Structures are given as C-alpha cells and as structure tokens.
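Chains, contacts and geometry: an overview
What follows is the residue order along each chain.
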Amino acid sequence: MESKYNYFKRDISWLSFNYRVLLEALDERLPLYERINFISIYSSNLEEFYKIRVADHKAVASGATESDEETVQSARELVEEINKEVTRQLDDRVRIYEQKILPALRKNHIIFYQDNHVEPFHQQFVKDFFREEIFPYLQPVPVSKDKIVSFLRDNRLYLAIRVYPKKEEKNKGEEPKENIEKYTGECINERNDGEGIKVGMEAARPNVTDLRQPLYFVMKQPYAKVPRFIELPSREKNHYLMFTEDIIKANLNLIFPGYDVDSSYCIKISRDADILIDDTASSADLVAQLKKKVKKRKIGDVCRFVYDRAMPSEFLDFLVDAFRIQRDELVPGDKHLNLEDLRHLPNPNKSLHSLEKPKPMKLTVLDEKESIFNYVAQKDLLLYYPYHSFEHFIHFLYEAVHNPETREIMVTQYRVAENSAVINTLIAAAQNGKKVTVFVELKARFDEENNLATAEMMQAAGIKIIYSIPGLKVHAKVALIRRRGLNGEKIPSYAYISTGNFNEKTATLYADCGLFTCRKEIVADLYNLFRTLQGKEDPKFTTLLVARFNLIPELNRLIDREISLADEGKQGRIILKMNALQDPTMIDRLYEASEHGVQIDLIVRGICCLIPGQSYSRNIRVTRIVDSFLEHARIWYFGNDGTPKVFMGSPDWMRRNLYRRIEAITPVLAPDLRDNLIEMLDIQLADNQKACWVDDKLQNIFKKRTPGTPAVRAQYTFYDWLNKTNS
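Residues numbered from 1 in each chain as written. Predicted model: local features only at pLDDT ≥ 70, side-chain atom pairs only at ≥ 80, totals over all residues. Heavy atoms only, no water.

In this section: the overall build of the chain. The helix and strand inventory of the chain stands at 19 helices and 28 strands. For the chain, the residues scored as buried account for 58% of the 727 residues in total. For the chain, restricting intrachain contacts to residue pairs at least 6 apart in sequence, the fraction spanning at least 24 positions comes to 78%. Surface accessibility of the chain: about 32100 Å² in total, with carbon and sulfur atoms responsible for 48%. (Helix = DSSP H or I, 4+ residues; strand = E, 2+ residues; numbered from the N terminus. Buried < 20%, exposed > 50% of the residue type's maximum accessible area, 1.4 Å probe, protein only. Contact = heavy atoms within 4.5 Å. Areas by Shrake-Rupley, 256 points an atom, 1.4 Å probe, with all protein chains shown as cover.)

In this section: the side chain of Q689. Mapped onto the elements, Q689 comes out in the loop between helix 18 (671–686) and strand 27 (691–694). In this structure Q689 comes out as buried when scored by relative accessible area, which is 19%. Among the polar contacts made by the side chain of Q689, one reaches the side chain of R29 at a distance of 2.6 Å. Within polar-contact distance, the side chain of Q689 engages the side chain of N688 at 3.0 Å. (Polar contact = N/O pair within 3.5 Å; in protein donor to acceptor, adjacent residues only side chain to side chain.)

Below, the discussion takes up the packing of aromatic side chains. The full count for this structure, using the stated rule, is 37 aromatic pairs. Ring geometry for W14 and F17: centres 6.2 Å apart, planes at 70 degrees, overall edge-to-face. You can see W14 and its partner F17 sitting in helix 1 (residues 10–23), three residues apart, about one turn around the helix. Like F17, W14 is buried. Here the aromatic residues F373, Y385, F390, F393, F396, Y494, Y496, F502 and F516 are joined through ring pairs into a cluster of three or more. The side chain of R235 reaches across the aromatic face of F121, ending 4.2 Å from its centre. Above the face of the W693 ring, K703 is positioned so that its terminal group lies 3.9 Å from the ring centre. (Phe/Tyr/Trp six-rings, centres within 6.5 Å; stacked < 30°, edge-to-face > 60°. Lys NZ or Arg CZ within 6 Å of the ring centre and 35° of its normal.)

Taking 1.5 Å as the rise per residue, helix 11 (residues 391–402) with twelve residues should run 16 Å; its terminal C-alpha atoms sit 16 Å apart, in good agreement. H392, F393, I394, F396, L397, E399, A400 and V401 are the residues of helix 11 that are buried. (Expected span 1.5 Å × (residues − 1).)

So, about the confidence of the model for the chain. Averaged over all residues, the pLDDT of the chain equals 88, while 89% of them reach at least 70. Here residues 171–208 is a poorly scored stretch, pLDDT under 50, and it has 71 contacts once near neighbours within four places are set aside; other chains count. (pLDDT = per-residue confidence, 0-100.)

What follows covers the sheet that holds strand 5 (residues 229–235). Reading across from one edge, 1-6-5 is the order of the three strands in this open sheet, with mixed pairing throughout. Of all the strands in the sheet, just strand 1 (110–113) and strand 5 have a single pairing partner and so form its edges. Geometrically, the sheet is characterised by an average inter-axis angle of 25 degrees between neighbouring strands, direction not taken into account. Summarising the sheet, strand 1 and strand 6 (residues 238–243) pair through four bridges and their orientation is parallel. Across the sheet, Y113 pairs through a bridge with M242, a residue of strand 6. (Pairing = 2+ DSSP bridges. Axes fitted to C-alpha atoms, helices over the stretch in contact; angles between N-to-C directions.)

Summarising the element assignment, N619 is placed in the loop between strand 20 (599–604) and strand 21 (620–625). Once the C-alpha coordinates of N619 and L590 are considered, the two residues, 29 residues apart in sequence, prove to be 9.7 Å apart. Beyond its immediate chain neighbours, meaning those up to four positions away, N619 contacts S594, G597, V598, Q599 and I600.

When strand 2 (residues 141–143) meets strand 4 (residues 215–220), the two strands line up antiparallel, connected through three bridges. Along strand 4, the bridge assignment pairs P142 with F217. One ladder, built from six bridges, connects strand 3 (residues 158–165) with strand 4; its direction is antiparallel. The partner of L159 across the bridge, within strand 4, is M219.

A word on unusual backbone geometry. Across the chain, the bulk of peptide bonds are trans and the bulk of non-glycine residues have phi less than zero. For the peptide bond that leads from Y385 to P386, omega is 0 degrees, which places it in the cis range. Positionally, P386 belongs in the loop between strand 10 (381–385) and helix 11. Located in the positive-phi region is N338, a residue other than glycine, with phi close to 55 degrees. Within the element layout of this structure, N338 appears in the loop between strand 9 (330–333) and helix 10 (372–378). The backbone phi angle of N640 is positive, close to 55 degrees, even though this residue is not glycine.

A separate point is the packing of helix 2 (residues 32–61) against helix 3 (residues 72–107). In contact at an axis separation of 11 Å, helix 2 and helix 3 are set at 165 degrees when each is read in the N-to-C sense. Compared by their axis directions, helix 2 and helix 3 come out roughly antiparallel. The chirality of how helix 2 crosses helix 3 is left-handed. Among the residues making up the contact of helix 2 with helix 3, the classes are represented as 23 nonpolar, four polar and five charged. (Parallel < 35°, antiparallel > 145°, perpendicular 65-115°, else oblique. Left-handed = near helix turned anticlockwise from the far one by under 90°. Nonpolar A, V, L, I, M, F, W, Y, C, P; charged D, E, K, R; others polar.)

For strand 15 (residues 477–483), the tally of buried residues reaches seven of seven residues, placing the bulk of the element in the interior. With burial as the criterion, each face of strand 15 is covered, one bearing K477, A479, I481 and R483 and the other bearing V478, L480 and R482. Bridge count for strand 11 (residues 406–413) against strand 15 is five bridges, and the pairing is antiparallel. If you follow E408 over to strand 15, its bridge partner there is R482. Judged from the five bridges that link them, strand 15 and strand 16 (residues 494–498) form a sheet pairing that is antiparallel. Bridge pairing links V478 to I497 in strand 16.

All right, on to the side chain of D687 then. Looking at the secondary structure, you find D687 in the loop between helix 18 and strand 27. Despite being buried, D687 has no salt bridge partner; R713 is the closest side chain of opposite charge, sitting 6.7 Å away. For D687, the side chain forms a polar contact with the main-chain nitrogen of K690, separated by 2.7 Å. Not counting residues within four places of it along the chain, the set of residues in contact with D687 comprises I625, K703, V712, R713 and A714. (Lys, Arg positive; Asp, Glu negative; His and termini not counted. Salt bridge = Lys/Arg side-chain N within 4 Å of Asp/Glu carboxyl O.)

As a further point, take the sheet that holds strand 7 (residues 259–271). In space, the six strands of this open sheet follow the order 2-4-3-7-8-9, with mixed pairing throughout. If you trace the sheet from one side to the other, it starts and ends with strand 2 and strand 9, each paired once. Along the sheet, successive strands turn relative to each other by an average axial angle of 35 degrees, direction set aside. Here helix 9 (residues 313–322) sits on the sheet in contact with strand 2, strand 3, strand 4, strand 7, strand 8 (302–308) and strand 9, set at roughly 110 degrees to strand 3.

So, about the nonpolar core. Residues L590, L602, L610, W636 and W653 are the most contacted members of the largest nonpolar core, which totals 84 residues. Sort the elements by how many residues they give to this core and helix 2 lands first, with eleven residues. Apart from the residues within four sequence positions on either side, L590 is in contact with I559, L576, L581, I600, L602, L610, I620 and W653. (Core = buried A, V, L, I, M, F, W, Y, C linked by side-chain atoms within 4.5 Å.)

All right, on to the pattern of salt bridges then. All chains considered together, the criterion is met by 48 salt bridges. The salt bridge involving E81 is made with K9; its shortest N-O contact spans 2.6 Å. Here the residue E81 occupies a position in helix 3, and K9 occupies one in the segment before helix 1, the gap between them amounting to 72 residues. A salt bridge links K357 to E34, with the nearest nitrogen and oxygen atoms 3.9 Å apart. Here K357 is found in the loop between strand 9 and helix 10, whereas its partner E34 is found in helix 2, with 323 residues between them in sequence. Here the salt bridges share partners, and the residues they tie into one network are E47, K51, D154, K268, R304 and E340.

In structure tokens form, the structure reads like this:
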C-alpha cells in the first residue's frame, strides 16, 4: 500500500549536507586556513559520492544492474537531478573561492596566482622551475577520434591541449619543424632555448579562419613528482603561491615546438569505485575476491567527466567523442579541479593563527596510576571523544594484557588505523598468552585492503580472526574482556560499547562516545553477540539492542510509549541524534508520533529523508551541526513520563543499518551518565553558532542567537562543561 507520507530523496538530502560543509568556508569567524579546509572536505566528499552513489544510479540507468528501489527511468532522472544540483553548488564554490578566499589570502599578504600571469620579478623563477623540476616528467599524448584513445586514470588531473601547426615563414626558407608526435614521450629539454618562455601572457593564438587543422593532446599532471602548490620567492612582506598546472600552461610553447598553442583546460575522470562481490561466499572465497577486485577499483566505469567550464563547446565535443563520454557524465567544474588538495595548501604567513581546537583531556580519576578495571568495577564510565583522550581505551586494553586474570579479549574492527596502537596491544596480548578473538569486517568500503593486511598480521601473531558474515556487514563497535579468578572464582568481566571505531586517528576527528561497564547483563549479552558472530548460537538479548534481532521491536515499543503519553495529555518527547535518517518505516513511525502530538527533535548531521514542516510533521524539528569535529555519535532519548531512557551505539536509522548489518546499542543505566548525555543533547539543541534548521526545501537555515542570550557553540561549550566536571 502506498504511504500517505512523503520523503526527501536520499542523495539530494546528502547534497544538502555537503553544501552545509561548503558554507563553513564563508564563516569569517574561523581562521582562514580552516575555511579553506572546508572547501577541501566538500570537494573530497563530492568525489566519493560520485564514485559510489552516482555510479550505482548510472549502472541502473544503463541497465547494467537491477534495483528493487528504482527503475531505469527513475535512475536517469535522479542522475540528472543530482548533476543539476551539483552544478549549482559548484557555481557557489567558485564564487566563495574567488570572491571570498582569494581576497582574504591577499589581505593576509598571500598572493595566490590563479592563471599563468605572474609578476615580472617571478618570471625567471617560473621558467627555471619549469625546466628543472617539471619538464622531465611531462608526456603529452595525442588524442584522435579515429585511433585508440589513452586511458584516463581515476581522479587524476590532465591538461587537455589544442595546438595548430605553425605557418612556414616564406622569406627565410626554413624547413617545417618536426611533427610533435615524434617528440611525444621524449624529454625535449633545451629544444626551444632561443625562443624563451612566454610567461605572463597567452601564447599567440592562430588565425582560426585559415585552413590549419587543430591537434589535441592530453597530459597528466606530475603530482607524484611535483607538489600541487609551488611557493615562489617572497617579496617585501608578500608571499606568493602558484598551481603547478598554471606553471605548465605558462610554458606550453616549450613542450610544443613548431606549433601555436591555442588553449588548454583541466579535465578529470571519476570512476565507479564500488566493489561487487558474492556476499554469500565463505570467508576464504571472500578474501580471494577482495584481493582480486580491489585492484580493479581504479579502472571502473566512468561516472563523471569534470572539465573547466571555460572550455569552448567544440573543444568539449571533441573530447566527449574521443573518450566516448556520455552526456549525463559531464559536470562543469572550476578552472582548477581537485580542490580537495587545498588541505595541503602551504601557509607561508606564519602570523596567520590556526584554530585552537579542544585538546583531548585525560580524566583526573584515571591518571596513569589508577586502574580502569578497579574504577569500572565500582561504577560505569562514559568517555566523549575527541574531548577525552583515546589513550584511556588503549590503557584499558593494556591493563587487560597484563592482568593475570584476563581469560580472553574480544573486539570488533570495522575501520582499522594504520600502525594502530589498538592492534599492537592485541598482538602483545596474544604473545603474552592471552586468548584474543577479533572480528574484522572486510567489506568496510575503501578500507578493505588495510583491514585484510591487518587481519593477516594479527593472525600471524596467534590472534583468532573471524571474517565477514555472508550477506551482512558487522558495524557494531564493541569490546569484551572476559576474566576469571586464578582459582576459578567469578570476578567481573568488562564490556565496552562505542559509537565510533577503534581507530586512534578518527578518535581525534570524530565526536563519539564510549561506555565501559561490568554490569553482568550487558557483559552476558555482549558475549552472546560474539558467539553469534562465530555462528555458535541463536542469541537472546536481555539488555543490549542488536539490529536484526531485538532492535526494531524495542524501538517501536519506545515510540508507542511516547504516543500513549501524548494521547493521555502528558508530554511525549523524543530526541534522536544520528548521522543519517533514511528508513521509511521508522520515519513513518516518527510522522505518526508527531500527528499524536509527540514533540520530536532530530539532530541529524547528514542524510535526513524526513520532511519537516508538513501537516504530519508539524511537531518535528531537524537540526544539523557542522563544526570542527565530525558529529558521529548516535544517542537516542525517550522521555518516558519523566524517567528518561537513553541509548547509545553504532547504528543510524537507515535500511542498511537496521536490516542488513549487525549493530549494537546499549541503554545508559547509570543515572549520572544518562544525565550527562541529556546535557550534551540540550547543549546541541541550544547551539546558535554552528547549528542549522533543515527546512522543507532542504535549505540550511542558520539558527539565530536571541539578543541577550549567551553564544552557544555546542562542541566548544560541551568541552568546557566536561572540563569543569573533570575533577
């Protein structure tokens, strides 16, 4: 039966989130390089979006794959809608970059050349740098519609170049210069010394009314050999930067002797990066598939062809035909592509201050001499990353390694950090005679190779490795320390349930929570979960909520309770914090609760398919926060008539999380920790600096500070609150 409710399209909603990321580049309260970094994040997010989501839709649109969720026609329409919205956003990115960021750099004495025009005092440097550092690595490749066209690598920058043969000079009796194709791939240094390099002006364009035929070339930018950004000599108080491709453009005459360089433009290809594997395969077959298929990620089908929007239409048409590009793959871009590289932009002006982000604090009750085991044996412990130091979790594992009563350490791993202290500690435990079991999710996208290599390293050290479950992903972030007394007596074991990965790098970037407890009911449930991952029993969970087992029934019961309270004239109240809200079934439950008068606040960072501002959602508000750290925690609050129930764990409310993954959520049972989480939610809802309302048109409407009220920047306000309570 068709639903009476409506929903935002998942991918259009995600684009609204990514646009919110871009808007941070406009915030003049932020340090300049922090604003530049948000342009980089926006661009990087968009690249991955095309490689995965758009590539999936294009596969359906072409008939290459089938989908239960969309038809060929609807997929085509969605790709068109996505490209239209992305083009609009890229127009804004150009405006922000050119009209806000570049003037701000100049104001701070950083002159960032944006074309091949440089000041006279830099021209010799540019000539010399090109000859000595760039020229040896350049290899122009001819492009012809009638010949085999060279392969364009994924996400690599290329210059597309159009040249014309020079006219012979009649009065000098000179022989025509050799054809450029003879020089393709050769080092042609010093071949044009007498002519000099025309820096600071375009090479003279030919008279295109004559009969000369253009030649086209592509040339990969040598960023593996040369940095993307070049620092030029400072002058007085000014510093100068230049894109490598602009240095190349300024010197194209040297690369093409005997030819008039007409024009050149940047292009790049994005390719399908998804890996299609037989998800029902055994662990051994899955490993073999991944090793083989992950290598083919860089040669996937084209999902986006990005080009400098200044490129003339006939130039673009030639490339489209030559490289067999589909029109729905065309996305106009900036003059400079791959702006995700801006995160590496040099900062030659050392007086420019950087953002003072909250530094991870260590709890005073857990100094180096204090046993975490002893503390948690007395009361539950809740850590907030990155405000609290991840070293506490490392210390927790380290204590398990050296505790003689430790019987077994069990951990899930979804995204593993390189050179991980967590992994090194687990290896030390195995070498110390402890039994260590680690579930490694091989299907974590873009981390397959790293996870597999880490798993093989752990296995070689004597750790028992459990690989992916056929047909499922394991997304739960849990650890269990099982103990027994040296004489066999029962002593506390320890459970750890987190909203984030066991990854030291992301623990400094993502805002997450982790709960330590030795409550017997949670420990028993977690042990049952690990046995389930090993295929040993059909589990029953009494306290933990586990996706695909008892999660959905309990969520429905909790929502029904709030509806009943509202129907009785009491306050029904729900606050849900998560990364994404997409599952129509659960959205329908929220719509239903709203219709009954339940007051609902959603704090959703990314995808939100629920539409606020409708008759059936009039009691629902959607808040989005983008700031220094990526909001990653999943926390759910149900008012329960004044006795709140609060949960935290790994899943978002998406179909994949609720029905196709193993996820773990724990109730927060300690009253003080529960109240602390409620305080965090209240602070986030009060944010009037970095919070937006998401309206019924997917616009990000910044919350305004009411005159006379304090400024609340949730991440920093909450850090200060934690700091005051750290005693």
